[in-house]
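Tertiary structure, described
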Amino acid sequence: MTPSRDHLTMAYRSIECFSNDGKLDPAELQKILDIALADGVVDADERRVLVSIIGKLTPTELTPKMQEQIAKVRAAAGI
């Protein structure tokens, strides 16, 4: 079985989102999570990328809606 490379797609997608307008919004974070969930399993590499992405969020990005989305990501990914 070939190892998943979804974590690379997720990282690339996050770079696109952050470079687009300098920040990440809840819908963009959901799209990144969707990549991880596509095969039904969030592996260690995908969790690592999600933790890294969340760690890069600035205080201005941490709106109530984004905090709600982060909680959904953490629950879905087991982080």
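Nothing here was measured: the structure is a model prediction, and the numbers come from that model.

Some details on the environment of Leu57
Examined against the element boundaries, Leu57 turns out to sit in the loop between helix 3 (44-55) and helix 4 (64-77). With 20 residues separating them in the primary sequence, Leu57 and Leu37 have C-alpha atoms 21 Å apart. Excluding residues that lie within four positions of it along the chain, Leu57 makes contacts with Phe18, Leu24, Leu62, Met66 and Ile70.

Side note on helix 1 (residues 6-21)
The end-to-end C-alpha distance of helix 1, which contains 16 residues, comes to 23 Å, matching closely the 22 Å that a straight helix rising 1.5 Å per residue would cover. Inspection of helix 1 places His7, Met10, Ser14, Cys17 and Phe18 among the buried residues, and these make up the whole buried set. Seen from one end, helix 1 has its buried residues packed into an arc of 90°, which puts them on one side. For helix 1, the exposed residues set more than 90 degrees away from the buried face come down to Tyr12, Ile15, Ser19 and Asn20. Against helix 2 (26-37) and helix 3 lie the buried residues of helix 1. One or two residues past the end of helix 1 sits Gly22, with phi positive at roughly 85°.

Scoring rules and cut-offs
Residues numbered from 1 in each chain as written. Predicted model: local features only at pLDDT ≥ 70, side-chain atom pairs only at ≥ 80, totals over all residues. Heavy atoms only, no water. Helix = DSSP H or I, 4+ residues; strand = E, 2+ residues; numbered from the N terminus. Contact = heavy atoms within 4.5 Å. Expected span 1.5 Å × (residues − 1). Buried < 20%, exposed > 50% of the residue type's maximum accessible area, 1.4 Å probe, protein only. Arc of directions from axis to C-beta.

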